[in-house]
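# Structural characterization, general
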Amino acid sequence: MSIPFSIIHIAAPLLLVTMGALISEYVGRMAMFLECMINLGAFLCYACTLWTKNLVVGMMLSVLLCTLIVICIERIASRYKANMFLISLSMNMFFAALATLLSATLFGTRGVLYHDLFRFDATIVRPVTTIVCYALSLAQILLLKCTTTGLALRITGSDSDVLEARGISAARYRTLSWIFAAANAALCGCVLAARLSSYVPGMASGRGWTALAAVFLGKKHPLLVALAVLIFSAAEYASFSVQNIAVFKNMPSSILLALPYLIALVLIIAVPQKHEK
C-alpha cells in the first residue's frame, strides 16, 4: 500500500472524532471526554459484537450506549448548573474506569481481548471503515455549512443571545454538540477495534487529545482542521516507518512513538492563535 493511502486510512477515524471536537468547540463546550470515550466505544463494540454476532449491530449499539450515557450526564449537570468543563474532565476519567470495570466484570481481565467472533478481514474492514468515516465527516461539514441547525451550532458559543432572542434554546444545541462528540468518538473506537480485530486498553493512543489540538490549529475552520488531521496522521505514519531505517534503529521506540505529539506541541507553539474576548 502506498504512503498516501496509508496516511488517508490512518486519518479517517481521527478526522471523525475531530469533527465532534469541532462541533463542541463551536458551542463553547470543549469535549474533554473524547479520549476515553474512544476506548469505551471500542470496548462496547467488542462486547456487543460478541453478544449479537454482528459487527455492524455491535457498532450501532456501542455508539447508542455511549451517546445515551453522555446525554444523561449532560442533562443532570445542566439541571444543577455544574461547571461543564470540570464535568467533561470528570467524564473522561469515568469512562476510563467504566471500560476497565466492565472488562474485568464481563471477561475477567483488564488486558487485551480477542475472540474468533471478533476477527475480520483487514482488506475489507480497513477500506470500508475509511469510507464510512470520511462520508460521516463530510456530512457533518455540510451540516455545519449548509443547514440552519449547523448555523445555530456555529453561533451558539459566540452569539447565543441571538438564538434566545429568536426563541431558540441555546441549551438544546449545547446538548446536541456533545451528542455529536460522543457518537463520533464512540464510532472512532469501534473502527479502531474492528481494524485490530481485538480490544486493547488505551487504544485511543492520544487521538482524543490530538483531535482537540487539530481544532485549535485549524482555527475552527473545517478545511484547515482536516489539513491538521492529515499532518498528524502523516506524523503517526512516520513514527512507525522510521523504526525500519538504520539511522533510527538505536533510537528508543518511545521517542519515535511520541513523534505525532511532539509535532502537535511544536505547531501549537509556532502557529499564532486568534485571541477572542
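Just so you know, these numbers come straight off a predicted model, no measurement behind them.

By size, the foremost hydrophobic cluster in this structure holds 77 residues, and its most contacted members are Val17, Phe33, Leu34, Met37, Val70, Phe95 and Tyr199. The residues contacting Val17, other than those within four sequence positions of it, are Leu34, Ile38, Asn184, Ala185, Cys188, Arg207 and Ala211.

All right, on to the pattern of salt bridges then. Summed over all chains, the structure comprises three salt bridges. Between Arg29 and Glu74 there is a salt bridge whose closest N-O contact spans 2.5 Å. One end of the pair, Arg29, is in the loop between α1 (3-26) and α2 (34-52); the other, Glu74, is in helix α3 (residues 55-79), with 45 residues separating them in the sequence. The partner of Asp116 in a salt bridge is Arg119, and the shortest N-O contact between them spans 3.0 Å. Of the two residues, Asp116 and Arg119, both sit in the exposed class. One salt-bridge network, held together by shared partners, links Arg29, Glu74 and Arg75.

Here we take up helix α4 (residues 84-107). For α4, which comprises 24 residues, the first-to-last C-alpha distance of 33 Å matches the rise-based estimate of 34 Å (1.5 Å per residue) to within 8%. Every buried residue of α4 is listed here: Met84, Ser88, Met91, Asn92, Phe95, Leu98, Ala99 and Ser103. Buried positions along α4 lie against α2, α3, α7 (170-196) and α8 (207-217). In this structure Asn83 caps α4, since a side-chain oxygen of it lies 3.0 Å from the backbone nitrogen of Phe85. Phi turns positive, to about 70 degrees, at Gly108, one or two residues after α4.

Quick look at the state of the cysteines now. Per the counting criterion, the structure on display carries zero disulfides. Here Cys48 is not cross-linked by a disulfide; its sulfur's nearest cysteine counterpart is in Cys45, at 7.7 Å. With no disulfide of its own, Cys66 lies 7.1 Å from the sulfur of Cys190, the closest cysteine sulfur.

Our focus in this paragraph is the packing of α3 against α4. Orientation of α3 relative to α4, taken along the N-to-C sense of each, is 145 degrees, at an axis distance of 11 Å. Our pair here, α3 against α4, has a crossing hand that is right-handed. Contacts between α3 and α4 involve Ile69, Val70, Ile73, Glu74, Ala77 and Ser78 from the first element and Met84, Ile87, Met91, Phe94, Phe95 and Leu98 from the second. Its residues assigned to classes, the contact of α3 with α4 comprises 10 nonpolar, one polar and one charged.

What follows deals with the side chain of Ser233. If you trace the backbone, Ser233 turns up in helix α9 (residues 222-241). Judged by its relative accessible area of 0%, Ser233 is buried.

Another point: the side chain of Thr49. Mapped onto the elements of the fold, Thr49 is located in helix α2. We classify Thr49 as buried; its relative accessible area is 1%. With residues near it in sequence (within four places) discarded, Thr49 still touches Leu44, Asn54, Leu55, Gly58, Leu117, Phe118 and Phe120.

Moving on: the packing of aromatic side chains. With the rule as written, the count across this model stands at eight aromatic pairs. Relative to Phe107, the ring of Phe43 lies with its centre 5.9 Å away and its plane at 80 degrees, an arrangement referred to as edge-to-face. Residue Phe43 is located in helix α2, and its partner Phe107 is located in helix α4; the two are separated by 64 residues in the primary sequence. Its relative accessible area of 0% is what places Phe43 among the buried residues.

Let's shift gears to the environment of Ala213. Among the secondary structure elements, Ala213 is positioned in helix α8. In this structure the C-alpha to C-alpha distance between Ala213 and Val225, which are 12 residues apart in sequence, comes to 9.2 Å.

What follows concerns a nonpolar patch on the surface. A cluster of nonpolar side chains, Ile124, Val128, Val132 and Leu136, forms an exposed patch at the surface whose accessible area comes to about 310 Å². Within the secondary structure, Leu136 is located in helix α5 (residues 122-146).

Before going further, it helps to examine the packing of α3 against α7. One can describe the packing of α3 onto α7 by two numbers: an axis separation of 8 Å at closest approach and a directional angle of 145 degrees. Our pair here, α3 against α7, has a crossing hand that is right-handed. Side by side, α3 and α7 meet where Leu55, Met59, Ser62, Val63, Cys66, Thr67, Val70, Ile71, Glu74 and Arg75 of the first sit next to Ala171, Thr175, Trp178, Ile179, Ala182, Ala183, Ala186, Leu187, Cys190, Val191 and Ala194 of the second. When its residues are assigned to classes, the contact of α3 with α7 shows 16 nonpolar, three polar and two charged.

What follows covers the confidence of the model for the protein. Predicted confidence across the protein gives a mean pLDDT of 87, with 85% of residues reaching 70 or more. Averaged pLDDT values over the elements of the protein bottom out at 57 in helix α10 (residues 253-257) and peak at 96 in α2.

One non-glycine residue with positive phi stands out, namely Lys81, at about 55 degrees. Within the fold, Lys81 resides in the loop between α3 and α4. A positive phi angle, near 50 degrees, is found at Ser205, a position not held by glycine.

Conventions adopted
- Residues numbered from 1 in each chain as written.
- Predicted model: local features only at pLDDT ≥ 70, side-chain atom pairs only at ≥ 80, totals over all residues.
- Heavy atoms only, no water.
- Core = buried A, V, L, I, M, F, W, Y, C linked by side-chain atoms within 4.5 Å.
- Buried < 20%, exposed > 50% of the residue type's maximum accessible area, 1.4 Å probe, protein only.
- Contact = heavy atoms within 4.5 Å.
- Salt bridge = Lys/Arg side-chain N within 4 Å of Asp/Glu carboxyl O.
- Helix = DSSP H or I, 4+ residues; strand = E, 2+ residues; numbered from the N terminus.
- Expected span 1.5 Å × (residues − 1).
- Polar contact = N/O pair within 3.5 Å; in protein donor to acceptor, adjacent residues only side chain to side chain.
- Disulfide = S-S within 2.5 Å.
- Axes fitted to C-alpha atoms, helices over the stretch in contact; angles between N-to-C directions.
- Left-handed = near helix turned anticlockwise from the far one by under 90°.
- Nonpolar A, V, L, I, M, F, W, Y, C, P; charged D, E, K, R; others polar.
- Phe/Tyr/Trp six-rings, centres within 6.5 Å; stacked < 30°, edge-to-face > 60°.
- Patch = residues over 30% accessible without salt bridge, like charges linked within 9 Å, V, L, I, M, F, W, Y side chains within 5 Å.
- Areas by Shrake-Rupley, 256 points an atom, 1.4 Å probe, with all protein chains shown as cover.
- pLDDT = per-residue confidence, 0-100.

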